[in-house]
Amino acid sequence: MIRTRFAPSPTGVLHLGSVRTALFCWLYAKHSGGQFILRIEDTDKERSTKDNVNAILEGMNWLGMDCDEGPIYQTDRFNRYHEVADDWLKSKKAYRCYCSKDELDAMREKQREKGEKTRYNGNCRNLKYDESEKGDFVLRFKNPLSGQVLVSDQVRGDVIFENHELDDLVIVRTDGSPTYNFAVVIDDADMAISHVIRGDDHLNNTPRQMNMFEALGVRAPVYSHLPMILGDDGAKLSKRHGAVDIRDYREQGFIPEAVLNYLVRLGWSYGDQEIFSIEEMTKLFDLPGINQSASAFSGDKLLWLNQEYMMNASAESLVPHLEYHMNLIGIDRSEGPDLTEIIEAYRERAETFIQMAEACRYCYEEFDEIDPKATKKHLRPVILEPIEALYLRLQLLEEWSQEMIITSVNEVASNFDINMGKLGQPLRVAVTGVSASPPIDITLCLIGKERTLKRLERAIEVIKKRIELS
Ligand code: GLU
Ligand code: ZN
């Protein structure tokens, strides 16, 4: 059975890079009919916070990456880590190291002077326990002194490490807390993880972890180390490149499926296909498709994909997104059109739901002021008479339909011998307060007759005042 795990440390929020790791683990499990486990690596009690745990769980939930087991917290498993530590101590696979910080510093200093790589020199490796019960100690793993470790990485290919390059790593600290490399091995073993997919910043930990698997007598998982994600400027992806917390993408109005689609292509490819439904991703995703080189994040491409999703999904399925964002910016929806109508009308012109929500506010609520720049440019004295004529014409309409509206605008324009745009744009500015909106007949339909007339009255007043002042 294929079992993968996503093992974030709650020392930070869930960011794009980790989401991509999670996605690859999740997809690979689903692709293989296996299971996906979520494990919270919270052994660093100082830097792990409840808020970060929530950020991770919320993010995973929003993205729809459900797990088959978990979340499992490492802090709930300390007894198990101690059990293994005790066992290794007894069987001499681990030993107590009493070296003080000063001694370790001096050791490293000497190594630096000699131009050697700094490492623990094995000082306490052969001490007899009973001889040295003399105070604080850590536990170290007895790494093999010779031989090699072969990591058959599914992305990198074979990577060979020499054991004599690896020192005896601390597995339990003075305060009794397990270290990352130790806990992760016990967990991956106990949870029967078959495939570890993670960032390549962990590649150097892998030979140490494999040696500990050997000590446990458990076969190590198959490893895949993912190349990092770069910003569009070539530097490692960071805050500077936009939102870091995945929840920010939700607030900005991205569709989770679009974010996942964007991320799956960041380091994985299937021919030159760009758009994948979750179902397709699941079917097609496989380890050999993972790229070896770093991939670059592009905010523009993410926006493009999001709009593709907005354009192609059914309007009904998008209603919850729009609803969420209208609530977020506090739009009172008690009077106004159906959200599906808004989606149909605005999705061509919005890349995200927050843009859509902001753009459609005037369909639900009054606005205080017509944009001054648009007023200056479009609500000119010459347009007063045509606008007044249009007002009267619209007032008489019994049926408030796109067809009736467009016919009215055309008639009035031709009566005044001006082209339709010359009238349409002032009309738009008058009823929306801004100079861009969906086609005018659709816009007026959405705003409704009563509001349209009221706003035209106001615009007429604005033009009249302008004439008085001139
Ligand atoms: N907790 C580790 C991290 O967040 C992941 C460890 C792993 O995947 O092995 O970097
Ligand atoms: Zn020591």
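Because the structure is predicted, anything quoted here is derived from the model rather than measured.

Colleague: So what exactly am I meant to see when it comes to the overall build of the chain here?
Modeller: Scanning the chain from terminus to terminus reveals 19 helices and twelve strands. For 470 residues, the compact-globule estimate of 2.2 N^0.38 gives 23 Å, and the chain exceeds it by more than 25% at 32 Å. Overall, the chain is about 105 × 45 × 40 Å in size when its C-alpha atoms are taken along their principal axes. Across the 470 residues of the chain, 50% fall into the buried class. Taking all contacts inside the chain whose residues are at least 6 apart in sequence as the whole, residues at least 24 apart take part in 76%. Of the roughly 23000 Å² of accessible surface on the chain, 48% is carried by carbon and sulfur atoms. Side chains of the chain give 58 positive and 76 negative charges; the mean places of these two sets differ by 6 Å.

Colleague: Hey, could you run me through the site of ligand 1 in this one?
Modeller: Around ligand 1, the neighbouring residues are Arg-5, Ala-7, Pro-8, Ser-9, Glu-41, Tyr-180, Val-184, Arg-198 and His-202. A distance of 2.9 Å is found between a nitrogen atom of ligand 1 and a side-chain nitrogen or oxygen belonging to Ser-9. Note that an oxygen atom of ligand 1 is positioned 2.7 Å from one of the side-chain N or O atoms of Arg-198. Here the shell around ligand 1 is composed, by residue class, of four nonpolar, two polar and three charged.

Colleague: Honestly, the state of the cysteines in this entry has me stumped. Any pointers?
Modeller: Enumeration over the complete set of coordinates arrives at zero disulfides. In this structure Cys-360 is not part of a disulfide, and its nearest cysteine sulfur, from Cys-363, lies 5.8 Å away.

Colleague: Explain the sheet that holds strand β4 (residues 94–97) to me, please; I cannot follow it from the model alone.
Modeller: Strands pair in a sheet through their backbones, by hydrogen bonds, and they do so in one of two ways: parallel or antiparallel. Here three strands make up an open sheet; going across it, the order is β4-β5-β8 and the pairing antiparallel. A single partner strand is all that each edge strand has here, and the edge strands are β4 and β8 (170–172). Shown here is a sheet whose adjacent strand axes are inclined to one another by a mean of 45°, direction ignored.

Colleague: Hey, could you run me through unusual backbone geometry in this one?
Modeller: For residues besides glycine, phi is generally negative; the peptide bonds are generally trans as well. In this structure, the amide linkage connecting Gly-70 to the following residue, Pro-71, adopts the cis form with an omega of 0°. Its place among the elements puts Pro-71 in strand β3 (residues 69–73). A positive phi angle, near 65°, is found at Lys-92, a position not held by glycine. Along the chain, Lys-92 falls in the loop between α3 (78–90) and β4. For Ala-192, which is not glycine, the phi dihedral falls at a positive 50°. With respect to the element layout, Ala-192 can be found in the loop between α5 (180–190) and β9 (195–199).

Colleague: Would you mind going over the packing of aromatic side chains with me for this structure?
Modeller: Each aromatic ring pair is described using two quantities: the centre-to-centre distance and the angle formed by the ring planes. One pass over the structure, following the stated rule, counts ten aromatic pairs. Site record: aromatic cluster; members linked through ring pairs are Phe-24, Trp-268, Tyr-270, Phe-276 and Phe-285. Geometry around Phe-24 places Arg-20 over its ring, the cationic atom sitting 5.6 Å from the centre. Seen from the ring of Phe-137, Arg-96 lies directly overhead, with NZ or CZ sitting 4.7 Å from the centre.

Colleague: Before we go on, may I ask you to explain the pairing of β9 in this structure?
Modeller: Within a regular beta strand, the side chains point alternately toward one face of the sheet and then the other, so they alternate between its two faces. Where burial is concerned, most of β9 is hidden: five out of the five residues are buried. Pairing analysis gives five bridges linking β9 to strand β10 (residues 222–226), with the strands arranged parallel. Its bridge partner being in β10, Gly-199 is matched across the sheet by Leu-226.

Colleague: Explanation requested: the side chain of His-325 in the structure shown.
Modeller: You can see His-325 is positioned in helix α11 (residues 315–328). There is a polar contact of 2.7 Å between the side chain of His-325 and the backbone oxygen of Arg-250.

Colleague: In this structure, what is going on with the pattern of salt bridges? I would like to understand it.
Modeller: A side chain of one charge can pair with a side chain of the opposite charge when the charged atoms of the two come close. Going through the model one piece at a time under the given rule, you end up with 31 salt bridges. Two residues, Arg-247 and Asp-245, come together in a salt bridge whose shortest N-O distance is 2.8 Å. Owing to a relative accessible area of 9%, Asp-245 belongs among the buried residues under this scheme. Its salt-bridge partner being Arg-250, residue Glu-251 comes within 2.9 Å of it at the nearest N-O pair. For Arg-250, a relative accessible area of 19% puts it in the buried group. The network of salt bridges with shared partners includes Arg-5, Arg-39, Glu-41, Arg-77, Arg-80, Glu-83, Asp-187, Asp-188 and Asp-190.

Colleague: Honestly, the coordination of the zinc ion (ligand 2) in this entry has me stumped. Any pointers?
Modeller: Octahedral metals with six donors have ideal donor angles of 90 or 180 degrees. Tetrahedral metals with four donors have an ideal donor angle of 109.5 degrees. Looking at the zinc ion (ligand 2), one finds its protein donor set to be Cys-97 (SG), Cys-99 (SG), Tyr-120 (OH) and Cys-124 (SG), positioned 2.1 to 2.3 Å from the metal centre. Taken together, the four donor atoms coordinating the zinc ion (ligand 2) and their angles of 97 to 123° define a geometry best described as tetrahedral. Sequence spacing among the residues donating to the zinc ion (ligand 2) works out to C-x1-C-x20-Y-x3-C. Of the two residues, Cys-97 sits in strand β4 while Cys-124 sits in the loop between α4 (101–113) and β5 (138–141), which places them 27 residues apart along the sequence. A relative accessible area of 5% means that Cys-124 is categorised as buried.

Scoring rules and cut-offs
Residues numbered from 1 in each chain as written. Chains lettered and ligands numbered in written order. Predicted model: local features only at pLDDT ≥ 70, side-chain atom pairs only at ≥ 80, totals over all residues. Heavy atoms only, no water. Helix = DSSP H or I, 4+ residues; strand = E, 2+ residues; numbered from the N terminus. Rg over C-alpha atoms; globule rule 2.2 N^0.38 Å. Buried < 20%, exposed > 50% of the residue type's maximum accessible area, 1.4 Å probe, protein only. Contact = heavy atoms within 4.5 Å. Areas by Shrake-Rupley, 256 points an atom, 1.4 Å probe, with all protein chains shown as cover. Lys, Arg positive; Asp, Glu negative; His and termini not counted. Charge placed at Lys NZ, Arg CZ, Asp CG, Glu CD. Near = heavy atom within 4 Å. Polar contact = N/O pair within 3.5 Å; in protein donor to acceptor, adjacent residues only side chain to side chain. Nonpolar A, V, L, I, M, F, W, Y, C, P; charged D, E, K, R; others polar. Disulfide = S-S within 2.5 Å. Pairing = 2+ DSSP bridges. Axes fitted to C-alpha atoms, helices over the stretch in contact; angles between N-to-C directions. Phe/Tyr/Trp six-rings, centres within 6.5 Å; stacked < 30°, edge-to-face > 60°. Lys NZ or Arg CZ within 6 Å of the ring centre and 35° of its normal. Salt bridge = Lys/Arg side-chain N within 4 Å of Asp/Glu carboxyl O. Donors = N, O, S within 2.8 Å, 3.2 Å for Na, K, Ca; no water. Tetrahedral: all angles 85-135°; square planar, octahedral: opposite > 155°, others 65-115°.

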